[in-house]
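Geometric and topological summary
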Amino acid sequence: MSHSTISLNKAARLRGEMTVPGDKSISHRAVMFGSLAEGTTEITNFLQGADCLSTIDCFRKMGIEIENTPERILIRGRGLHGLSAPSSILDTGNSGTTTRLISGILAAQPFETTLTGDASIQKRPMRRIIEPLSMMGADIASVNGNDCAPLHIAGGKLHGIHYHSKIASAQVKSAILLAGLYADGTTGVTEPALSRNHTEIMLRCFGADVTSEGLTASVRPNPTLRGQKIVVPGDISSAAFFIAAALIVPGAELLIRDVGINPTRDGILRVAKAMGGDITCLHVRNDGEPTADLLVRHSALHGVTIEGGIIPTLIDELPVINIMAACAEGTTVIRNAEDLRAKESNRIDVMAEYLRAMGCDITPTPDGMIIAGGRPLHGTLIDPHMDHRIAMTFAIAALVAEGRTEIADGEIVNVSYPHFYEELARLTR
Ligand code: S3P
């Protein structure tokens, strides 16, 4: 892979209409559940990003026929017990969602697998899934004994458990619920705060018996999953970069169409409004996953405190919320977000390092950051640390920074947003 450096300058304007690529979380799940269903699943507006392509690749290696054309994905599902042993290691690339969710499925298969991913994945914590899956009776181990990938999984009989998770993580919750499809009784997960609920919504749609009550989700085993037609909404986590851009670039006005606004994902909208952001949700509709068109206008922002139950609903957006905070009057405090340290990069330390290099007053804390906004930013060279969202976050900071901002390894954005820079260029032209 080439390692291209992207150069960006301050934007004189930002205006127009756009759509964003399909939701990453929903795209992954559609491929996984379609593979475990009987009959054909058709997915449109699928995210053709590297992470979701890793999920397709893993299921193809387990014998599932998946046709990928620009218009749609077609999956010939083979049922809950239809996967076959892969002939090689499963490569999950940069994708935490692939690694953790697939582990829940592999834990129950009558064959052994080894899975691993890139250098970033091999540093991310897997104890959070190893522990509950082991409690269910799975034979799952970190090959190097460091609680990270590569993971070796020898599938087998699983028991239903009720797991009280210490972290609000949809990846952990989903791994357990997916293993629960194969268990000998009901499996439940209770979280400290509600994480994204796409697994619950979509599994139900495929025919599984899933219940959600407050902070607990449960699944009964052995459903017959049936192939579905899935239209993936636009990813609010990708829209977030353009929402932030429209809020901070003077005179900006942007209409972002067909964005998923599931309440377990919409924290960015609530925080942006609390900061004084002018955002209107138009044409709200609900086909299982709620979607809307978002009209965003440049706004004078002010600092806020972001903590508690809202954190899981904007966890992936916190890097770009940092840029909004840097442009706001007053102080923004972010707490209870320690899991930012366990993402594609350590997002607390990386944000602090480069925002400071751009002239921002930011103090990292163990579980978040404190940003005293309002100082002018200036361009610098950013190393995104194999983290697509860090690269895109600083591309947005560049729009209001004096001088040139350079992003090394800029193509890392392909993980979740191919054509990101082209869209940014088009709207700022
Ligand atoms: C995801 C869950 C979140 C999120 C990630 C996608 C998912 O991770 O950060 O980008 O699709 O379930 P955690 O479960 O680790 O919080």
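For clarity, every value in this text was computed on a predicted model and none was experimentally measured. (Residues numbered from 1 in each chain as written. Predicted model: local features only at pLDDT ≥ 70, side-chain atom pairs only at ≥ 80, totals over all residues. Heavy atoms only, no water.)

Describing the overall build of the protein chain
This is how it is decided: The helix and strand labels rest on DSSP assignments: H or I over at least four residues marks a helix, E over at least two residues marks a strand, and numbering proceeds from the N terminus. Every radius of gyration here is taken over C-alpha atoms, with the globule rule written as 2.2 Å times N^0.38, N being the number of residues. Relative accessibility under 20% of the residue-type maximum defines a buried residue, over 50% an exposed one, and the middle range a partly exposed one, all with a 1.4 Å probe and only protein chains included. Contacts: residue pairs with any heavy atoms within 4.5 Å of one another. Charged residues are defined here as Lys and Arg on the positive side and Asp and Glu on the negative side; His and the ends of the chain fall outside this count. Just so you know, the charge point we use is NZ for Lys, CZ for Arg, CG for Asp and CD for Glu.
Assigned secondary structure in the protein chain consists of 12 helices and 23 strands. Computed over C-alpha atoms, the radius of gyration of the protein chain comes to 21 Å, within 12% of the 22 Å expected from 2.2 N^0.38 for 429 residues, which places it in the range of a compact globule. Dimensions of the protein chain, computed from C-alpha atoms along their principal axes, come out at roughly 60 × 45 × 40 Å. Counting over 429 residues, the protein chain shows a buried share of 61%. In the protein chain, once contacts between residues fewer than 6 apart in sequence are set aside, the share between residues at least 24 apart is 74%. Averaged over its 39 positive side-chain charges, the protein chain has a centre that lies 2 Å from the centre of its 47 negative ones.

What to know about the sheet that holds strand S8 (residues 139-142)
How we decide: Two strands make a pair as long as DSSP finds a minimum of two bridges between them.
In spatial order, the strands read S6-S7-S9-S8; together these 4 strands make up an open sheet with mixed pairing. Looking at strand neighbours, the two that pair on one side only are strand S6 (90-91) and S8, the edges of this open sheet. Bridge count for strand S7 (residues 112-116) against strand S9 (residues 151-154) is 4 bridges, and the pairing is antiparallel. Residue pairing for S9: Thr-113 is matched across the bridge by Ile-153.

Focus on the site of the ligand
Put simply, the rule reads: Here a residue counts as near a molecule or strand whenever at least one of its heavy atoms sits within 4 Å of it. In the analysis that follows, any N or O atom pair within 3.5 Å is treated as a polar contact, provided that within protein one partner can donate a hydrogen and the other can accept it, and provided that, for residues neighboring in sequence, both atoms belong to side chains. Areas reported here follow the Shrake-Rupley algorithm with a probe of radius 1.4 Å; residue values treat only the protein chains shown as occluding. Residues are grouped as follows: Ala, Val, Leu, Ile, Met, Phe, Trp, Tyr, Cys and Pro are nonpolar; Asp, Glu, Lys and Arg are charged; all remaining types, including Gly, are polar.
In the region of the ligand, the neighbouring residues are Ser-25, Arg-29, Thr-97, Arg-100, Arg-128, Ser-169, Ala-170, Gln-171, Arg-196, Ile-315, Asp-316 and Lys-343. At a separation of 2.7 Å, an oxygen atom of the ligand approaches a polar side-chain atom of Ser-25. Measuring from an oxygen atom of the ligand, one finds a side-chain N or O atom of Asp-316 at 2.6 Å. Alone, the ligand offers 390 Å² of accessible surface; in the complex the protein occludes 96% of this. Of all the elements in the fold, those that place two or more residues in the shell around the ligand are helix H1 (24-36), helix H3 (96-106) and helix H5 (170-180). Tallied by class, residues from the shell around the ligand come to 2 nonpolar, 4 polar and 6 charged.

A look at the domain arrangement of the protein chain
The condition is simple: In this document the domain limits rely on a domain assignment from an automatic tool or a database. What gets called buried area is simply the loss in accessible area from a 1.4 Å probe that two parts show on being joined, summed for both. By salt bridge we mean one thing: a side-chain nitrogen of Lys or Arg within 4 Å of a carboxyl oxygen of Asp or Glu.
Under the domain assignment, the protein chain is made up of domain 1 (6-22 + 233-428) and domain 2 (24-231). Each of domain 1 and domain 2 was reduced to a C-alpha centroid, and the two centroids are 28 Å apart. Taken residue by residue, the interface counts 25 residues in domain 1 and 26 residues in domain 2. At the boundary of domain 1 with domain 2, total buried surface from both sides reaches about 2100 Å², with 51% on carbon and sulfur atoms. Of all residues in domain 1, Thr-264, Met-386 and Val-415 give up the largest surface area on contact with domain 2, accounting jointly for 23% of the area buried on that side. Counting across the interface, domain 1 meets domain 2 through 3 salt bridges.

Quick look at the pattern of salt bridges
Close approach of charged atoms allows side chains with opposite charge to pair. Tallied over the entire structure, the rule returns 31 salt bridges. A salt bridge links Asp-266 to Arg-270; the shortest N-O distance between them is 2.9 Å. One salt-bridge network, held together by shared partners, links Arg-124, Arg-196, Asp-316, Glu-344, Arg-347, Asp-387 and Arg-389.

A word on the sheet that holds strand S5 (residues 73-78)
Quick reminder of the rule: Interaxial angles span 0 to 180 degrees and are taken between N-to-C directions of axes, which are lines fitted to C-alpha atoms, for helices over the stretch in contact.
An order of S4-S5-S3-S14 is seen for the 4 strands of this open sheet, with the pairing classed as mixed. A strand with exactly one partner marks an edge of an open sheet, and here the two such strands are strand S4 (65-68) and strand S14 (229-231). Taken pair by pair, the neighbouring strands of this sheet meet at an average axis angle of 15°, ignoring direction. Those strands touched by helix H2 (residues 50-61) are S4 and S5, and its axis lies near 145° from that of S4.

Some thoughts on the packing of aromatic side chains
Note the following rule: Only Phe, Tyr and Trp rings take part, Trp by its six-membered ring, and two of them pair if their centres are within 6.5 Å. Stacked means planes under 30 degrees apart, edge-to-face means over 60, and tilted covers everything else.
Applying the stated criterion to the full structure yields 7 aromatic pairs. Relative to Phe-206, the ring of Phe-33 lies with its centre 6.1 Å away and its plane at 90°, an arrangement referred to as edge-to-face. Remark: Phe-206 occurs in helix H6 (residues 198-206) and Phe-33 occurs in helix H1; sequence separation between them is 173 residues. Accessibility classification places Phe-33 together with Phe-206 in one group, the buried group. Ring geometry for Phe-242 and Tyr-417: centres 6.0 Å apart, planes at 55°, overall tilted. Placement of Phe-242 in helix H7 (residues 236-248) and of Tyr-417 in the loop between strand S23 (405-407) and helix H12 (420-428) is noted, with a sequence separation of 175 residues between them.

As for the packing of helix H10 (residues 347-357) against helix H11 (residues 388-398)
Quick note on the threshold: For this classification, under 35 degrees means roughly parallel, over 145 means roughly antiparallel, 65 to 115 means roughly perpendicular, and everything else is oblique. We call a crossing left-handed when the near helix sits turned anticlockwise from the far one by less than a right angle, and right-handed when that turn is clockwise.
With their axes 11 Å apart at the nearest point, H10 and H11 run at an angle of 25° to one another. It follows from the interaxial angle that H10 and H11 lie roughly parallel. Regarding H10 and H11, the two cross each other, and that crossing is right-handed. Contacts from Arg-347, Val-350, Met-351, Tyr-354 and Leu-355 of H10 reach H11 at His-388, Arg-389, Ile-390, Thr-393 and Phe-394. Taken together, the residues that form the contact of H10 with H11 break down as 6 nonpolar, 2 polar and 2 charged.

Here we look at the state of the cysteines
Applied cut-off: Cysteine sulfur atoms that pair up within 2.5 Å are treated as a disulfide.
Counted according to the given criterion, the structure contains 0 disulfides. Cys-58 provides the cysteine sulfur closest to Cys-148, a residue in no disulfide bond, and the two sulfurs are 18 Å apart. Using a relative accessible area of 10% as the deciding quantity, one classes Cys-148 as buried. Summary of cysteine pairing: Cys-327 is not part of a disulfide, and the nearest cysteine sulfur, belonging to Cys-360, is at 8.5 Å. Given the relative accessible area of 30%, Cys-327 is considered partly exposed.

Digging into the pairing of S9
In this structure, S8 lies alongside S9, joined through 4 bridges in antiparallel fashion. Among the inter-strand pairings, Ser-142 is bridged to a residue of S9, identified as Leu-151.

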